[in-house]
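Commentary on secondary and tertiary structure
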Amino acid sequence: MPTYKPTPPPHKAVLYPGGAGISATLSLDGQRRLHSHHIEVEDSSLVVTDGPHRGIALPLSLDIIDIGRQAELCDLVLDQDPGVSSLHARLCIRHDTTGDVVLTIQDMHSRNGVYVQGLRVKEAYLTLGLQVQLGNTVFELRANSKTKKKKRVHINYFDESGQLVGRSSQMRRIFAMLGRLGQRDAAVLLTGETGTGKTSIAEALHRQSTRRSGPFVAVNCGSLPPSLIESALFGHEKGAFTGATQRHAGYIEQAQGGSLFLDELGELPLELQPKLLQALETKRIKRLGSVQEIPIDFRLVSATHRNLQREVQEGRFREDLFYRISVVQMEVPALRERPEDIPLLVERLLAELYPEASYSLTHAASRMMQQYLWPGNVRQLRNVLERTFIFLDSSVADVEDIELPELAAEPEQTKASPRLPVMPGAFDRVSVPLDFGEGGMTIKELMASFERTVIEKALERTQWNVGETAALLDMAQSWLYKRIKKYNIERNS
């Protein structure tokens, strides 16, 4: 195949290319046009056939495989190909709606695109022999042995430490990344809403890392008093300040040989950030009241619910520290964005809360839990389960046994919710200025501006009732929440 050159945008539809055991067509309407037999991939490999990495082979031993230039993010590392993005493409092994195992490749918003059999795609099904091009690299899926006994693919819904669970593609990708990051000491920054389980992910990373035999020290920077945070992190000598009656080893020193998890790092005072940066760069610290330097050796994992890039722009967080702590940045999805994970989480949380008993939910109660938006995420889910079974005589909770705040939506109520009519003028003359030309708006910016305006007007009309707004616009609530987050729409905006 030729080297990369600019081409038209990828097809919006998914490509279902034909191959061994599969007949398919290109679905322009987004509907499935695939007929396949069970795909056996455990005895297959990705083989690079052309480009600077020609000859490399990667067995399909994982259910999610990331491909790109950055070693910390990817399983198949193509760092010698300048046409490949840091995280270029993702292969995912999953069950389709019929229960068959299928292999797909997805473009991860790369610069130069993903090509299957010369056609640029956003996502495509793969079979043996189909050629895929990323930048100047070409690879294909090959069977390792034609005689080896075939085995079914196992899709893992747990991370290697067994601490995390999830069926969603977002969580399975995190599981895959933790396995790779465990073998490296790169600093990791976990972002996402409060209550999503960032502490559990940090601990899971520690448990499957080369530092697992060392301590795991978790510190919530937001809970430390500003006057004591320096002493808590760096330690102090006896007499360093009033009340310092004995020597104290700080959290950084306590993490020696292990992992230090700094939760809510965005709350760290600006005046203390240079000292933390110096400690990370020199790998040495001084206790308060001491002139002696202490060598340190630990793996740093940080977390925040704040947008640290915005904090940097507004002068509340040091730019050099931000780049030092975010060698790898991992976003933890909100629970409302992965409702398929809730049944597994419920099972795990009930086992942790009540190890001496066997508690569960009815199918209707489980459905209700999946339809709820969970503003407090996994932390709120745990609290709801604990409260439910404290006052319940039975070992099985039904819909009427579970109390949820106003955001809850009963399945019957969801189906019976009346459609709000969208009449001309319903959004009070939604308008977007048309300013084309040099220095004006591109069509992409124009459409984004229009979409934001429509969502804002709809939210105003429903007095920010997200459920009613989603019904009004005929969209999923999870999709609406993503758009609110994308456009940074606030109630008073």
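Everything discussed here concerns the structure shown above.
In this text, all values refer to a predicted model and were calculated from it rather than measured experimentally.

**A word on the overall build of the chain**
Along the chain, the regular secondary structure elements total 14 helices and 22 strands. Of all 493 residues assigned to the chain, the portion counted as buried reaches 47%. The long-range share in the chain, meaning contacts at least 24 apart out of those at least 6 apart in sequence, stands at 64%. With the model as given, the accessible surface of the chain reaches about 25,500 Å², and the carbon-plus-sulfur share is 49%.

**A word on the side chain of T304**
You can see T304 is positioned in strand β19 (residues 299-304). A distance of 3.0 Å separates a polar side-chain atom of T304 from the backbone nitrogen of R306. Look past the residues within four positions of T304 in its chain and what remains in contact with it is L189, L190, T191, G192, K198, E264, L265 and G266.

**Focus: helix α10 (residues 377-390)**
Compared with an ideal rise of 1.5 Å per residue, which puts 14 residues at 20 Å, α10 spans 20 Å between its outermost C-alpha atoms and is within 8% of the ideal. Buried within α10 we find N377, V378, Q380, L381, V384, L385, T388 and F389. An end-on view of α10 places all buried positions within 155° of arc, on one side of the element. The exposed set on the far side of α10, more than 90 degrees from its buried face, consists of R379 and I390. Where α10 is buried, its residues meet α8 (342-353), β21 (360-361), α9 (363-371) and β22 (396-397).

**Brief notes about the sheet that holds strand β16 (residues 259-263)**
Spatial strand order, β15-β16-β19-β14-β20: five strands in an open sheet with parallel pairing. Single-partner strands in this sheet number two, and they are β15 (216-220) and β20 (328-331). Put simply, the sheet's adjacent strands are angled 20° from each other on average, direction ignored. With four bridges connecting them, strand β14 (residues 188-191) and β19 associate as parallel partners. Its bridge partner lying in β19, L190 is registered against A303. On top of the sheet, helix α1 (residues 169-181) reaches β14, β19 and β20; it is set at about 155° to β20, its chief contact.

**Brief notes about the packing of helix α13 (residues 466-473) against helix α14 (residues 477-486)**
Any two packed helices are characterised by how steeply their axes cross, that is the angle between the axes, and by the distance between the axes. Across the interface, α13 lies against α14 with an axial gap of 9 Å and an inter-helix angle of 100°. The pairing of α13 with α14 is recorded here as roughly perpendicular in orientation. Seen from α13, the contacting residues are V466, G467, T469 and A470; seen from α14, they are Q477, L480 and Y481. Split into classes, the residues belonging to the contact of α13 with α14 amount to four nonpolar, three polar and no charged.

**Observations regarding the nonpolar core**
In this structure, L233, I252, L260, L262 and I325 are the most contacted members of the largest nonpolar core, which totals 31 residues. Looking at this core, the elements with two or more residues in it are β15, α3 (229-234), β16, α5 (273-282), α6 (308-313) and α7 (319-325). Residues in contact with I325, not counting those within four places in the same chain, are A187, V188, L189, L265, L280, L300, S302, L308 and F317. Counting 26 residues, the second-largest nonpolar core is a separate cluster that includes L361, L381, V384 and L404.

**Regarding the sheet that holds strand β4 (residues 57-59)**
Ordered by their spatial adjacency, six strands build an open sheet running β4-β3-β13-β12-β9-β10, and the pairing between neighbours is antiparallel. Every other strand in the sheet has two partners, leaving β4 and β10 (119-121) as the edge strands with one partner each. Each strand of the sheet is rotated relative to its neighbour by a mean of 30°, with strand direction disregarded. The sheet contact formed by strand β9 (residues 114-116) and strand β12 (residues 131-134) spans three bridges and is antiparallel. Its bridge partner being in β12, V114 is matched across the sheet by L134.

**Considerations on helix α2 (residues 198-207)**
Regarding α2, the residues found buried are K198, I201, A202, A204, L205 and H206. The inward-facing, buried residues of α2 abut α1, β14, β15, β16, β19 and β20.

**Examining the layout of surface pockets**
What the largest pocket holds in volume is close to 1,600 Å³. Around the largest pocket, the lining comprises 38 residues; the ones closest to its centre are R90, Q106, D107, M108 and H109. Secondary-structure elements contributing two or more residues to the lining of the largest pocket are β7 (89-95), β8 (101-107), α1, β20 and α14. Residue composition of the lining of the largest pocket, grouped by class: 14 nonpolar, nine polar and 15 charged. Volume-wise, the second largest pocket comes out at about 940 Å³. Lining the second largest pocket are 29 residues, with H305, N307, R310, K485 and N488 positioned closest to its centre. Mapped onto the lining of the second largest pocket, the elements with two or more residues apiece are β14, α6, β20 and α14. The leading source of residues in the lining of the second largest pocket is α14, at six residues.

**Here we look at the pattern of salt bridges**
Opposite charge on two side chains lets them pair, provided their charged atoms get close. By the definition in use, this model includes 25 salt bridges. Here R211 ties to D297 by a salt bridge, and the two come within 2.6 Å at their closest N and O atoms. Linking R211 in the loop between α2 and β15 with D297 in the loop between β18 (293-295) and β19, this pair joins segments that are 86 residues apart in sequence. For R211, a relative accessible area of 10% translates into the label buried. We classify D297 as partly exposed; its relative accessible area is 39%. Among the ionic pairs, R247 bridges to E237, the shortest N-O distance being 3.0 Å. One end of the pair, R247, is in the loop between α3 and α4 (251-254); the other, E237, is in the loop between α3 and α4, and 10 residues separate them in sequence. The class for E237 is buried, based on a relative accessible area of 14%.

So, how was this worked out
- Residues numbered from 1 in each chain as written.
- Predicted model: local features only at pLDDT ≥ 70, side-chain atom pairs only at ≥ 80, totals over all residues.
- Heavy atoms only, no water.
- Helix = DSSP H or I, 4+ residues; strand = E, 2+ residues; numbered from the N terminus.
- Buried < 20%, exposed > 50% of the residue type's maximum accessible area, 1.4 Å probe, protein only.
- Contact = heavy atoms within 4.5 Å.
- Areas by Shrake-Rupley, 256 points an atom, 1.4 Å probe, with all protein chains shown as cover.
- Polar contact = N/O pair within 3.5 Å; in protein donor to acceptor, adjacent residues only side chain to side chain.
- Expected span 1.5 Å × (residues − 1).
- Arc of directions from axis to C-beta.
- Pairing = 2+ DSSP bridges.
- Axes fitted to C-alpha atoms, helices over the stretch in contact; angles between N-to-C directions.
- Parallel < 35°, antiparallel > 145°, perpendicular 65-115°, else oblique.
- Nonpolar A, V, L, I, M, F, W, Y, C, P; charged D, E, K, R; others polar.
- Core = buried A, V, L, I, M, F, W, Y, C linked by side-chain atoms within 4.5 Å.
- 1 Å grid on protein atoms, 1.4 Å probe; cavity = no way out; pocket = protein on both sides within 12 Å on 5 of 7 lines; lining within 4 Å.
- Points joined across faces, edges and corners; volume = space filled by probe spheres on them.
- Salt bridge = Lys/Arg side-chain N within 4 Å of Asp/Glu carboxyl O.

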